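An overview of the molecular structure
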Amino acid sequence: MVGYDPEGRCVSTVEAAAAGSASGLVTRVLVSPLDVLKIRFQLQIEQLSSRNPAAKYHGILQAVQRIFREEGLTAFWKGHVPAQILSVGFGAVQFMAFESLTELMHNVTSFEARASFVHLVCGGLAACTASVAVHPVDTLRTRFAAQGEPKIYPNLRHAVVTMYQTEGPRTFYRGLTPTLVAIFPYAGLQFFFYNILQQFSKWVTPAEAKNGASIRNLVCGSCAGVVSKSLTYPLDVVKKRLQVGGFEHARAAFGQVRTYGGLLDCMRQIMREEGPGGFFKGLSPSLLKAAFSSGLIFFWYELFCGLLCALKSPESTKRKEG
């Protein structure tokens, strides 16, 4: 169902956008706590270890307990409004672009729309398109998730006005370069591995075993997310560090803060002060999030597309007319 299928096309690009939005919305509610943990770990300069007394966070369980104790349960959904806008917008643009690009590749080139290589390229391009469209919201989401108590930004409107007046419009696109550098291979590999795993699962699963299709979509999506996230994670850390630039005063309660002059300067400072391990801070919650979010995104997208197809089927039309 994911990608253009010349033999069974039943979802338009607009419907693909609607299904992508819905899948992003449902998934975001479920994975938001893992996203908050990941961002807190990525932004911490100190080593993530109980042996470092200056480190605020040591591991997943300790971080969960400390955030809950200091900030309450709602802290795990900090920045949820911009994050939800991000997920809905990203899902809509990504899947709409992916369906359109795979159809274009099928019609104007010699490649088949279902080929894994086509999904690799089109998945990467679709994600880049979506990233440019929603990056300002991503920056807002990161700042909301990063801030402690008392809050610097009490609400979304205040954050937008304050950032625009004090830092200028370009601040909303901080971290865009590493985002695009990272998102193309990440999303491309995500669609690539999902396509391969789906083909493999259909090969090893009996054709009559249709009841397990939803579980197969979930498992294939989860595996694809973990593999692609592991390969592209360092650039995600760099992106998060750049997005909180100019926001250092709100990070004082969390430990050391740094100012970075750009992508290369950020990478040099991380390597010099934190070593290679600095590029993998927050990997554990990130992989958990990737497994859940990627699996759920494909699961819900396939499910919503299936429902849209079912509503347009002849049997459904006859029932409505009857």
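Residues numbered from 1 in each chain as written. Predicted model: local features only at pLDDT ≥ 70, side-chain atom pairs only at ≥ 80, totals over all residues. Heavy atoms only, no water.

Under the annotation held in an unreviewed UniProt entry, the chain carries the name Mitochondrial thiamine pyrophosphate carrier and is attributed to Hypocryptadius cinnamomeus. Under the Catalytic activity (unreviewed entry) heading, UniProt states for the chain: "thiamine phosphate(out) + thiamine diphosphate(in) = thiamine phosphate(in) + thiamine diphosphate(out)". Under the UniProt heading Function (unreviewed entry), the note attached to the chain is "Mitochondrial transporter mediating uptake of thiamine diphosphate into mitochondria. It is not clear if the antiporter activity is affected by the membrane potential or by the proton electrochemical gradient." (UniProt positions renumbered as here; feature names shortened; annotations may be inferred.)

The subject of this paragraph is the overall build of the chain. Assigned secondary structure in the chain consists of 10 helices and 0 strands. The helix and strand sequence of the chain, counted from the amino end, reads α-α-α-α-α-α-α-α-α-α. For the chain, the spread of C-alpha atoms along the three principal axes comes to 65 × 40 × 40 Å. Scored against the burial criterion, the 322 residues of the chain give a buried share of 49%. Pairs at least 24 apart in sequence give 78% of the contacts found in the chain among residues at least 6 apart. (Helix = DSSP H or I, 4+ residues; strand = E, 2+ residues; numbered from the N terminus. Buried < 20%, exposed > 50% of the residue type's maximum accessible area, 1.4 Å probe, protein only. Contact = heavy atoms within 4.5 Å.)

Approximately 210 Å³ is the volume attributed to the second largest pocket. Lining the second largest pocket we find 17 residues, and of these Trp77, Lys78, Gly79, Phe144 and Lys151 sit closest to its centre. Looking at which element gives the most residues to the lining of the second largest pocket, the answer is helix α3 (residues 80-108), with 3 residues. (1 Å grid on protein atoms, 1.4 Å probe; cavity = no way out; pocket = protein on both sides within 12 Å on 5 of 7 lines; lining within 4 Å. Points joined across faces, edges and corners; volume = space filled by probe spheres on them.)

Okay, the nonpolar core next. Val2, Phe98, Phe191, Tyr194 and Tyr301 are the most contacted members of the largest nonpolar core, which has 19 residues in total. Breaking this core down by element, the ones donating at least two residues are α1 (13-43), α3, α4 (116-146), α6 (176-204), α7 (213-243) and α9 (283-311). Filtering out sequence-adjacent residues up to four positions away, phenylalanine 98 remains in contact with Val2, Gly3, His119, Cys122, Gly123, Ala126 and Phe191. Of all hydrophobic cores here, the second largest spans 11 residues; its members include Leu86, Val137, Ile183 and Ala290. (Core = buried A, V, L, I, M, F, W, Y, C linked by side-chain atoms within 4.5 Å.)

Below, the discussion takes up helix α5 (residues 156-167). Spanning 12 residues, α5 covers 16 Å between terminal C-alpha atoms, matching the ideal 16 Å at 1.5 Å per step. The N-cap residue of α5 is asparagine 155: its side-chain oxygen and the backbone nitrogen of arginine 157 are 3.3 Å apart. Backbone geometry just downstream of α5 places glycine 168 in the positive-phi region, at approximately 90 degrees. (Expected span 1.5 Å × (residues − 1). Polar contact = N/O pair within 3.5 Å; in protein donor to acceptor, adjacent residues only side chain to side chain.)

Here we come to the UniProt feature "repeat: Solcar" (unreviewed entry) in the chain. Look at the UniProt record and you will see "repeat: Solcar" (unreviewed entry) annotated at residues 11-104, 114-200 and 212-307. End C-alpha to end C-alpha, residues 11-104 measures 15 Å, and it is 72% helix and 0% strand. When the span residues 114-200 is considered, its composition is 78% helix and 0% strand, and the gap between its end C-alpha atoms is 14 Å.

Moving on, we come to the side chain of serine 21. Mapped onto the elements, serine 21 comes out in helix α1. For serine 21, a relative accessible area of 15% puts it in the buried group. A distance of 3.2 Å separates a polar atom in the side chain of serine 21 from the backbone oxygen of valine 88. Apart from the residues lying within four places of it in its own chain, the contact partners of serine 21 are Val88, Gly91 and Ala92.

Our next topic: α4. Relative to the 45 Å expected for 31 residues at 1.5 Å per residue, α4 spans just 37 Å between its end C-alpha atoms, considerably shorter than the ideal helical length. Valine 134 marks where α4 bends most, by close to 65 degrees; the proline proline 136 follows one to four residues later. (Bend = angle between axes of the 7 residues up to and from the residue.)

Per the UniProt record, "transmembrane region" (unreviewed entry) is annotated on residues 290-311. What you have in residues 290-311 is 100% helix and 0% strand, and the ends, taken at the C-alpha atoms, are 31 Å apart.

With that settled, the discussion passes to the packing of α4 against α7. Between α4 and α7, whose axes approach to 9 Å, the crossing angle comes to 80 degrees. In terms of orientation, α4 lies roughly perpendicular with respect to α7. Where α4 abuts α7, its residues His135, Asp138, Thr139, Arg141, Thr142 and Arg143 lie against Lys239, Lys240 and Gln243. Looking at the contact of α4 with α7, its residues break down into no nonpolar, 4 polar and 5 charged. (Axes fitted to C-alpha atoms, helices over the stretch in contact; angles between N-to-C directions. Parallel < 35°, antiparallel > 145°, perpendicular 65-115°, else oblique. Nonpolar A, V, L, I, M, F, W, Y, C, P; charged D, E, K, R; others polar.)

Let us look at the pattern of salt bridges. Applying the stated criterion across every chain, the model contains 18 salt bridges. As a salt-bridge pair, lysine 78 and glutamate 71 come within 2.6 Å of each other at their nearest N and O atoms. Taken individually, lysine 78 and glutamate 71 each receive the classification buried, so the pair is uniform in this respect. Each of Arg28, Asp35, Lys38, Asp138, Arg141, Lys229, Asp236, Lys239, Lys240 and Lys289 takes part in salt bridges that share partners, so that together they form one network. (Salt bridge = Lys/Arg side-chain N within 4 Å of Asp/Glu carboxyl O.)

A water-sized probe, rolled over the atoms, reveals where empty space remains. The full count for this structure, using the stated rule, is 2 cavities of 30 Å³ or more. Size it by volume and the largest cavity reaches roughly 760 Å³. Lining the largest cavity are 38 residues, with Arg28, Phe90, Ile183, Tyr186 and Lys289 positioned closest to its centre. Elements with a contribution of two residues or more to the lining of the largest cavity: α1, α3, α4, α6, α7 and α9. Looking at the lining of the largest cavity element by element, the count peaks at 8 residues for α6.

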